[in-house]
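Notes for the structure review
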Amino acid sequence: MMIRQMQAADIAAVAALEAQIFSMPWSAEGFADTLPREDVLFLVACEGDTLLGYVGVYCTSDEGEITNVAVAPAVRRKGIARALLTELKERLASLGIRRIVLEVRVSNEAAIRLYERMGFCALGTRKNFYEKPAEDAYVMVCQSEQ
């Protein structure tokens, strides 16, 4: 498995995975518009030409906000999300970003456990953050020491 920065050639596969997983997915155009921004970092995990997963983050000052973490259903529970998050944290640290935040559905127990193992802790709840279906989100944060 290789983890690298997302490229324009990845957009169709990333948008297809996004549509497969999320009830309100980003469009290919949304990724295309966002990818060139200097305050955005998207990483993909691939084996050959096959997209396994991706993660995206918006960066402001010393904070990053994760937009989505997605892994293809056929390859879940193989450490792909952990590898993506590990690489993301290393890259953000090299940019001086010390705090990473994200929202996660309160029912997504597998993701919550992963985030906790990766050093995130819940700060609070955003009521009715998600639509389709409506659900609260935990706000989770990972803060580095430096």
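Residues numbered from 1 in each chain as written. Predicted model: local features only at pLDDT ≥ 70, side-chain atom pairs only at ≥ 80, totals over all residues. Heavy atoms only, no water.

**Structural notes on the packing of aromatic side chains**
Let me state the cut-off plainly: Aromatic pairing here means that ring centres of Phe, Tyr or Trp (its six-membered ring) are within 6.5 Å. Orientation follows from the plane angle: under 30 degrees is stacked, over 60 is edge-to-face, and everything else is tilted. Going along the chain from the N terminus, every DSSP run of H or I of four or more residues is numbered as a helix, and every run of E of two or more is numbered as a strand. Here's how the labels work: a residue is buried when its accessible area is under 20% of the maximum for its type, exposed when over 50%, partly exposed in between, all with a 1.4 Å probe on protein chains only.
Across all of its chains, the model carries six aromatic pairs by this definition. Considering the side-chain rings of F31 and F42, the 5.7 Å spacing of their centres and the 70 degrees angle between planes classify their relative orientation as edge-to-face. Here F31, found in helix α2 (residues 28-34), pairs with F42, found in strand β2 (residues 40-47); they are 11 residues apart in sequence, far enough to count as distant. Given the relative accessible area of 1%, F31 is considered buried. Here F42 falls in the buried class, since its relative accessible area comes to 2%. Ring geometry for F129 versus Y130: centroids 5.0 Å apart, planes at 90 degrees, classification edge-to-face. Since its relative accessible area comes to 36%, F129 is described here as partly exposed. Connected via pairs of aromatic rings, a cluster forms that spans W26, F31, F42 and Y54.

**Points about the pattern of salt bridges**
Note the threshold: Here, a salt bridge means any Lys or Arg side-chain nitrogen found within 4 Å of an Asp or Glu carboxyl oxygen.
Applying the stated criterion across every chain, the model contains seven salt bridges. A salt bridge links R126 to E103, with the shortest nitrogen-to-oxygen separation between them at 3.1 Å. Of this pair, R126 sits in strand β6 (residues 121-130) while E103 sits in strand β5 (residues 99-105), and the two are 23 residues apart along the sequence. On the basis of relative accessibility, which here comes to 38%, the residue R126 falls in the partly exposed class. Residue E103 is classed as buried on the basis of its relative accessible area of 18%. Salt-bridge contacts for E135 lead to R105; the nearest nitrogen and oxygen are separated by 3.0 Å. In this pair, E135 sits in strand β7 (residues 135-143) while R105 sits in strand β5, placing the two residues 30 residues apart along the sequence. Residue E135 shares its accessibility class with R105, and that shared class is buried.

**A closer look at the pairing of strand β4 (residues 63-71)**
Defined as follows: Only strands that DSSP links by at least two bridges are regarded as paired with each other. Whether a crossover is right-handed comes down to one check: with the strands pointing away from the viewer, does the path from the first strand over the helix to the second run clockwise; if it does, it is right-handed.
Here eight bridges tie strand β3 (residues 50-60) to β4, and the two strands are oriented antiparallel to one another. Bridge pairing in β4 places C59 opposite G64. Here β3 hands over to β4 after two residues, with S61 in that stretch at a positive phi of 55 degrees. By the bridge criterion, three bridges tie β4 to β5 in an arrangement that is parallel. Counterpart to G64 in the pairing with β5 is I100. One crossover worth recording links β4 to the parallel β5 by way of helix α3 (residues 80-94), and it is right-handed.

**Some details on the side chain of E135**
Defined as follows: Under the rule applied, a polar contact is a pair of N or O atoms within 3.5 Å (in protein, one hydrogen donor and one hydrogen acceptor; residues adjacent in sequence only if both atoms are side-chain atoms).
Overall, E135 belongs to the buried group, its relative accessible area being 14%. Separated by 3.0 Å, the side chains of E135 and R105 make a polar contact.

**Some words on the sheet that holds β4**
For clarity, the cut-off: Axis geometry follows a simple rule: fit a line to the C-alpha atoms, using only the stretch in contact for helices, then measure angles between N-to-C directions, giving values from 0 to 180 degrees. The contact definition used throughout considers only heavy atoms, calling two residues in contact when any of these lie within 4.5 Å.
Taking strand neighbours across the sheet as the criterion, the seven strands line up as β1-β2-β3-β4-β5-β7-β6 in an open arrangement whose pairing is mixed. Two strands in the sheet have a free side with no partner beyond their single neighbour: β1 (2-5) and β6. Going across the sheet, the axis of each strand differs from the next one's by a mean of 25 degrees, ignoring polarity. The strands touched by α3 within the sheet are β1, β2, β3, β4, β5 and β7, with β2 carrying the most contacts at an inclination of about 140 degrees.

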